[in-house]
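Take a look at the letters that make up each chain.
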Amino acid sequence: MRNLFSVEGKVVLVTGGSRGIGEMIARGYVENGAKVYISSRKAEVCDRVAEELSEFGTCISLPFDLGGMAGIEGLAAAIAEREEKLHVLVNNAGATWGAPIDEFPESGWDKVVDLNTKSVFFLTQKLLPKLRAAATHEDPARVINIASVNGIEPPGLETYSYSTSKAGCIMLTRHLAKRLAPEHICVNAIAPGPFPSHMMAATLARAGDAIAKGNPRGRIGTPEDIAGVAIFLSSRASAYTTGTTVPCDGGSAEF
């Protein structure tokens, strides 16, 4: 029963890893001994964050735009050039868009759904050879999709494509888990609630105190909260857990 939560020595890729929840998760892995690759659209920011996280362990920048197939294939190829195995893939890169229902544009639908759902499937697909190489009966490879509580309960905000894309991410997680379990690849999702992320910045600036006060835990999430769930889902402790979505929201699926 010792070392149930260890991720030491595992090779991990965190997309959207240069800020917000992705950076929180990446740092958790780095500080616990994993070799971590982070990817994001902006190369300068990705490089800077990887350098900062490297003070705590091993973190490598691989900047790509995952909004289209060229970036997805490019990132998968970059990992394949550097690693024989990939133990953990964290599909975190995401976007949101808000507009009144009568004005919501097609571009706000396509951008969000392409990145939040489509890229999750195709990056997982392209990295399957490396995940399969890492997978064993005793210690499966892991895919962790970052969904949202807004994919479980509809939000009050007019972010129609976001909530829909995250609900799709949750179903995709279940579908992939069923298909890949026989190959010793566990697929799970995390559904975060309010965290101090770039995506939540405007909402927290406007109503952060009220959100914290209305949360059953009386606060918003911390880096340790989200990193802890990700580490659990990557460790021996979760080797018999697949196809599930773990809310990380302080007990409230709506804010």
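Right, let's walk through the structure included here. (Residues numbered from 1 in each chain as written. Predicted model: local features only at pLDDT ≥ 70, side-chain atom pairs only at ≥ 80, totals over all residues. Heavy atoms only, no water.)

## Considerations on the packing of aromatic side chains
We apply this condition: Pairing of aromatic rings covers Phe, Tyr and Trp, the last counted by its six-membered ring, and requires centre-to-centre distances within 6.5 Å; plane angles under 30 degrees mean stacked, over 60 mean edge-to-face, and any other angle means tilted. To qualify as a helix, a DSSP run of H or I must reach at least 4 residues; to qualify as a strand, a run of E must reach at least 2; elements of each kind are numbered from the N terminus. Here's how the labels work: a residue is buried when its accessible area is under 20% of the maximum for its type, exposed when over 50%, partly exposed in between, all with a 1.4 Å probe on protein chains only. A ring has a charge above it when a Lys NZ or an Arg CZ is no more than 6 Å from the ring centre and no more than 35 degrees off the ring normal.
On inspection of all chains with the given rule, the structure shows four aromatic pairs. Residues Phe5 and Phe232 carry aromatic rings whose centres are separated by 6.4 Å and whose planes lie at 40° to one another, so their mutual orientation is tilted. Taken together, the residues span a long stretch of sequence, with Phe5 in the segment before β1 (11-15) and Phe232 in helix α7 (residues 223-234) at a distance of 227 residues. Look at Phe232 and you get partly exposed, because its relative accessible area is 28%. Here Phe121 and Phe122 contribute two aromatic rings whose centre-to-centre distance is 5.0 Å and whose plane-to-plane angle is 85°, an arrangement assigned as edge-to-face. A residue is classified by how much of its surface remains accessible, and Phe121, at 32% relative accessible area, is partly exposed. An aromatic cluster of three or more residues is present, and its members are Phe104, Trp109 and Tyr160. Seen from the ring of Phe56, Arg27 lies directly overhead, with NZ or CZ sitting 4.0 Å from the centre.

## What about the layout of surface pockets?
Condition: In this analysis a 1.4 Å probe is tested at points of a 1 Å grid over the protein atoms alone, and where it fits but cannot get out there is a cavity; an open set with protein on both sides within 12 Å along at least five of seven lines is a pocket; lining residues have an atom within 4 Å of a point. Grid points are joined across faces, edges and corners, and a volume is the space filled by probe spheres set on the points. Charged residues are taken to be Asp, Glu, Lys and Arg, nonpolar residues to be Ala, Val, Leu, Ile, Met, Phe, Trp, Tyr, Cys and Pro, and polar residues to be all remaining types, Gly included.
Estimated volume of the second largest pocket: approximately 240 Å³. Every element with two or more residues in the lining of the second largest pocket is listed here: α1 (20-31) and α7. The element that contributes the greatest number of residues to the lining of the second largest pocket is α1, accounting for six residues. For the lining of the second largest pocket, the per-class residue count stands at five nonpolar, three polar and four charged.

## What about empty space enclosed by the protein?
With the rule as written, the count across this model stands at one cavity of 30 Å³ or more. One number sums up the size of the largest cavity: a volume of about 40 Å³. Lining the largest cavity, in full, are Thr15, Leu66, Asn91, Asn92, Ala93, Ser119, Val120 and Leu123. Looking at which element gives the most residues to the lining of the largest cavity, the answer is helix α4 (residues 106-134), with three residues. Residues that form the lining of the largest cavity fall into these classes: four nonpolar, four polar and no charged.

## With respect to helix α3 (residues 69-82)
For clarity, the threshold we go by: To estimate how far a helix should extend, the number of its residues minus one is multiplied by 1.5 Å. In this description, contact between two residues means that some pair of their heavy atoms is separated by no more than 4.5 Å.
The terminal C-alpha atoms of α3 lie 20 Å apart, and with 14 residues this matches the ideal 20 Å at 1.5 Å per residue to within 8%. Where the residues of α3 are buried, they touch β1, β2 (35-39) and α4.

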